[in-house]
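Each chain, letter by letter, is given below.
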Amino acid sequence: MTDHKEIEQRIWTTLNKLRGDISFSGFRSIKLLELIGTTQGQEKFEQILNSKELIRAITNTDGFTPPLYIYDFINELSKIVNPKTHLDPWLTPSSPCNFFDFGTTTSYCINQTAFETIKTIFENPKTEIHLGDSWQFLDSTKNKFDFITCFPPFGMRKEPTEINGFKTSNDFGATLLIKASMLLNENGRAVFLMSPSFLFDDRNKELLTKLGLFADAVFSIPNGAFLPQTNIASNFVVLSKQPKEKTFIAEISNDEKTNKTIIDNYKNRRAGKAIQLGSFIDFMELKSFQGLLSQNEMQELVKRIGYPPIRLTDVAVSINLLKASDADEVEHLSNSVYLPKIGNSVAVTMPSEMKMKNPKNYFQIQLDETKANSTFVANYFNSVIGRKLRESLEVGVTIPSISKSQLQTCVLHLPELKTQIELIKIDSKIDQFTLRLEELKRNLWKQTKSYNSIEKELKSINQEEKLEQWIDNLPFPISSILWRYYATKENSKKVEHLFHFFEALSEFFSMIMLSALVQDQEFYKQERHNWIDTDEKFKEWYFRATFGSWNILTSRLSKSVRRFYTDADKKEFCKNLFGNPTEAFMKMLTEKGIINTLLTVAELRNKWKGHGGITSEEENKQRVTALEQQLNELRKFIADGFEETKIVSAKQGELDEGVWTFTAKELIGAKSPFRETEIKSLVGLDKKKLYLTHTNQYKPVELLPFIKFVELSDAVYFYTSIESKNVRWVSYHFDKDPELNQPADNELFKAFEFLKHNDNKNSNGQ
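Please read these numbers as outputs of a predicted model, since none were measured by experiment.

Asks: Which parts of the structure should I look at to understand the overall build of the chain?
Replies: Counting its secondary structure elements, the chain contains 28 helices and 27 strands. Taken over the C-alpha trace, the chain has a radius of gyration of 29 Å; the compact-globule value for 766 residues is 27 Å, and the two agree within 12%. Once the C-alpha set of the chain is aligned to its principal axes, its extents read approximately 95 × 75 × 50 Å. Evaluated residue by residue, the chain yields a buried proportion of 52% over its 766 residues. Here the analysis covers contacts within the chain between residues at least 6 apart in sequence; of these, 67% occur between residues at least 24 apart. Working note: accessible area of the chain is about 36,200 Å², and carbon and sulfur atoms make up 48% of it.

Asks: What should I look at first to understand the pairing of strand E10 (residues 247–251) in this one?
Replies: Put simply, side chains in a regular strand alternate between the two faces of the sheet. Counting buried positions over the 5 residues of E10 gives 5, a clear majority of the element. Taking every second residue as pointing to the same face, both faces of E10 are buried, with Thr-247, Ile-249 and Glu-251 on one and Phe-248 and Ala-250 on the other. Taken together, the 4 bridges between strand E8 (residues 214–221) and E10 define a ladder with parallel strand orientation. Bridged to Val-218 within E10 is Ile-249. Here E10 pairs with strand E11 (residues 279–281) via 3 bridges, running antiparallel.

Asks: Would you take a moment to explain the packing of aromatic side chains for this structure?
Replies: Counted by the stated rule, this structure contains 43 aromatic pairs. Judged by centre distance (5.6 Å) and plane angle (80°), the ring pair of Phe-543 and Phe-752 falls under edge-to-face. You can see Phe-543 sitting in the loop between helix H22 (521–527) and helix H23 (547–566) and its partner Phe-752 sitting in helix H28 (residues 746–753), a full 209 residues away along the chain. Residue class for Phe-543 comes out partly exposed when judged on its relative accessible area of 26%.

Asks: Teacher, can you tell me more about the sheet that holds strand E21 (residues 675–681) here?
Replies: Sheet strands pair by backbone hydrogen bonding; their relative direction is either parallel or antiparallel. On the basis of which strands lie adjacent, the open sheet formed by 5 strands has the order E21-E20-E19-E22-E23 and antiparallel pairing. The open sheet is flanked by E21 and strand E23 (701–702), the only strands paired with a single partner.

Asks: Any chance you could explain the nonpolar core here in plain terms?
Replies: Across soluble globular proteins, nonpolar side chains have a tendency to be buried as a group. In this structure, Phe-508, Phe-578, Phe-642, Phe-706 and Tyr-719 are the most contacted members of the largest nonpolar core, which totals 91 residues. It is helix H21 (residues 491–517) that provides the largest number of residues to this core, a total of 15 residues. If near-sequence neighbours (up to four positions away) are discounted, Phe-578 is found in contact with Ile-512, Met-513, Ala-516, Val-561, Phe-585, Met-586, Leu-589, His-694 and Val-701. In this structure, Phe-64, Ile-74, Leu-91 and Cys-109 belong to the second largest nonpolar core, which totals 58 residues.

Asks: Teacher, can you tell me more about the state of the cysteines here?
Replies: Note: disulfide means a covalent bond formed between the sulfur atoms of two cysteine side chains. Within this structure, the stated rule accounts for 0 disulfides. The thiol of Cys-97 is not disulfide-bonded; the next cysteine sulfur, from Cys-150, is found 9.5 Å away. Cys-97 gets classed as buried once you look at its relative accessible area, which sits at 5%. Sulfur of Cys-109: no disulfide; nearest cysteine sulfur belongs to Cys-97 and is 10 Å away. What makes Cys-109 buried here is its relative accessible area of 0%.

Asks: What is the right way to read the sheet that holds strand E13 (residues 316–321) from this model?
Replies: Pairing is antiparallel in the open sheet, where 3 strands are placed in the order E13-E15-E14. At either end of the open sheet lies a strand with only one pairing partner, and these are E13 and strand E14 (336–340). Strand after strand, the sheet turns through a mean of 20° between neighbouring axes, direction not considered. With 5 bridges joining them, E13 and strand E15 (residues 362–367) adopt antiparallel strand pairing. Bridge pairing in E15 links Ile-319 to Ile-365.

Asks: Hey, could you run me through the packing of helix H2 (residues 31–39) against helix H3 (residues 42–49) in this one?
Replies: For any two helices packed against each other, the geometry is given by the interaxial angle and the distance between the axes. Two elements in contact, H2 and H3, have axes whose closest approach is 7 Å; the angle formed by their N-to-C orientations is 150°. The residues of H3 that touch H2, namely those facing Leu-33, Ile-36 and Gly-37, are Phe-45, Ile-48 and Leu-49. By residue class, the composition of the contact of H2 with H3 is 5 nonpolar, 1 polar and no charged.

Asks: Sorry if this is basic, but what is going on with the side chain of Asp-201 here?
Replies: In this fold, Asp-201 is placed in the loop between helix H9 (197–200) and helix H10 (202–210). Asp-201 gets classed as buried once you look at its relative accessible area, which sits at 16%.

Asks: I keep staring at a nonpolar patch on the surface and nothing clicks. Help me out?
Replies: Among the surface-exposed residues, Leu-423, Ile-426 and Ile-430 lie close enough to one another that they form a single nonpolar patch of about 260 Å² accessible area. On the secondary structure map, Ile-426 appears in helix H17 (residues 417–446).

Asks: Can you walk me through the pattern of salt bridges in this structure?
Replies: Side chains that differ in charge, positive against negative, can pair when their charged atoms come close. For the structure shown, the criterion picks out 41 salt bridges. Between Asp-201 and Arg-203 there is a salt bridge, with its nearest N and O atoms 2.9 Å apart. By relative accessible area, which is 54% here, Arg-203 ends up exposed. Between Glu-391 and Lys-388 there is a salt bridge, with the nearest N and O atoms lying 3.7 Å from each other. With Glu-391 and Lys-388 both in helix H15 (residues 384–393), this residue pair falls 3 residues apart, about one helical turn. By the burial criterion, Glu-391 is buried, and Lys-388 matches it. Ionic contacts of the salt-bridge type, sharing partners, join the residues Glu-8, Glu-34, Glu-522 and Lys-525 into one network.

Asks: Quick question: what am I supposed to make of unusual backbone geometry here?
Replies: Peptide bonds are, in most cases, trans, and in most cases residues other than glycine have a negative phi. Despite not being glycine, Asn-164 shows a phi value in the positive range, around 55°. Inspection of the secondary structure puts Asn-164 in the loop between strand E5 (162–163) and strand E6 (166–167). The class for Asn-164 is exposed, based on a relative accessible area of 60%. One non-glycine residue, Asn-335, lies in the positive phi region at around 55°. With respect to the helices and strands, the residue Asn-335 is situated in the loop between E13 and E14.

Rules of the game
- Residues numbered from 1 in each chain as written.
- Predicted model: local features only at pLDDT ≥ 70, side-chain atom pairs only at ≥ 80, totals over all residues.
- Heavy atoms only, no water.
- Helix = DSSP H or I, 4+ residues; strand = E, 2+ residues; numbered from the N terminus.
- Rg over C-alpha atoms; globule rule 2.2 N^0.38 Å.
- Buried < 20%, exposed > 50% of the residue type's maximum accessible area, 1.4 Å probe, protein only.
- Contact = heavy atoms within 4.5 Å.
- Areas by Shrake-Rupley, 256 points an atom, 1.4 Å probe, with all protein chains shown as cover.
- Pairing = 2+ DSSP bridges.
- Phe/Tyr/Trp six-rings, centres within 6.5 Å; stacked < 30°, edge-to-face > 60°.
- Core = buried A, V, L, I, M, F, W, Y, C linked by side-chain atoms within 4.5 Å.
- Disulfide = S-S within 2.5 Å.
- Axes fitted to C-alpha atoms, helices over the stretch in contact; angles between N-to-C directions.
- Nonpolar A, V, L, I, M, F, W, Y, C, P; charged D, E, K, R; others polar.
- Patch = residues over 30% accessible without salt bridge, like charges linked within 9 Å, V, L, I, M, F, W, Y side chains within 5 Å.
- Salt bridge = Lys/Arg side-chain N within 4 Å of Asp/Glu carboxyl O.

Below is the structure:
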């Protein structure tokens, strides 16, 4: 049995029958059961499903169960070694050696129930399983092993011990890794699943060197791979006894071809065409793959700036973590920047401006007045490149933070002091201009009779030109509608086009968020109840979708994404689902103000629709004004959210060492023909589909087919409803064929599956 849906349905059918059995105590996760169904064959799978005891043991097992592609990756690693002897010092039902042949295996299982479960299910004459702690065996055995694999527990502590006269840390997993790896053959490899904290602890790294062990590779596992058990990031750390000057690092993918490229690059000690496919780094400097990725992205941003690099320590007089408990107690030093060590709060130049209440969460960086200006450096830390820099410096699992030692290594890209001052002056003028506009707005409503003089002052601002520029930077599906509003002088048409714009925008935002969230279908299954309505009367709302129903979905999706993105444990996972976009893009998607604007427009639409009748020109003017006010609000919230994000339609592409290079149409702006661009991707792209891409990223997000792009006419159509057996598509900009009625295809019905509520209960059996 290999069909995943069939396996999942068979599992849920069995579990649903057991719900009424008082002796069945529920379950934590079905992931291990799914893995067994996929790898162990029909007969073994049915044997387990017919045993209540085995189901209970498997669905309530401790430890992590990764998806199948992670196991396949370990198996491919083993082929490099071609092992004859293998060791697993912490055997669980999820251990890789239960699913693959790594030669003659010696293993230790500390849990009685797990021991019996493994013996029953995974019968392997080449595997010798011992019940008990492997610690004594590791100390006393003279055996050597070609291959060692292990999924040790995260966060477990053990009193420090000595290995060959060197003291270990109290991290059980790290110590187990080091002790076990001492038993490697000269050409062997140890592959351990480790929490991020292993890379943060320099003591473990130093101990490896002292004991003659080397970090051959670190393979980052994507956030969310272990859902629903945990969302914690993790790595496979590969140790060997062969000296290596640099450590190979890459990010495992759920794409088989990408992983094959990674394995080939590792085997041949070759850097990949993209950082995800492999690069080399000094192991002592490595803190996380995400930090390395942030550094790489920052270097791309630096190229645009063009200013020379300079170490922070070269322009700083002092760098200290504040010790005061209150901002009033902080001794302010002239020309200082106050930089948060945790979170996304802004860097400031005065203690009184600190956004976080506790000053102990800030560094005080006093700058040399002849080299750097504190206002400029604070703004630098708050810019896109500065935030990437801060991300690259963060270490830690639960709450990532910047350490003083990390901060002392950071490099800024600063112009000379004279240029810094000029830039600050321009920034100040922009602030003054903004303040003056706010004053004019207040005066307009305090002194309404003076509107002529206020209008005269505003004439220096060509607002329409600025609006045109903004429209031209929006994705074509919505930009094209807004251009129709902008181009017409007829108020009744303006009202019509603005309504079309807001309605399409709601569907567009829902499509983007859904398309990202379904990238990890296990995660989607666990979380879909937060945005999919379970009320039976809304069961198939999408067959005749309305502005109101899209607004409900958009609102729920935005709220959920906001929750994931502000959760320290889920933030990187969330960013990865969306293809690693900019902060501005994520801020836009999670902005409550956009939802409020859409809901306000929906209320206006219902109110005016209910009014009925032919509207006068004066009434149309009033309606345009009301909708333009909402457009102005929306413009504030969208801001530059799409600046580094494009919708593309791929054409021809070619694959080179794991990286695809595609020629693609860039669906940006209100007018066609579209500009052709070159995009790089770690996966192949379908020319019949649309993708969301971000500058300098290699993970395009395939968009669900709620929007249709007709390349022949450069027209975009939005899905509206199913009528009879046909799909009704509407274009809000293409007058020649404003509607399409076409037979429904499988891709659309697959997308509808994501809009259905899950009939299966969640994994904790509730």
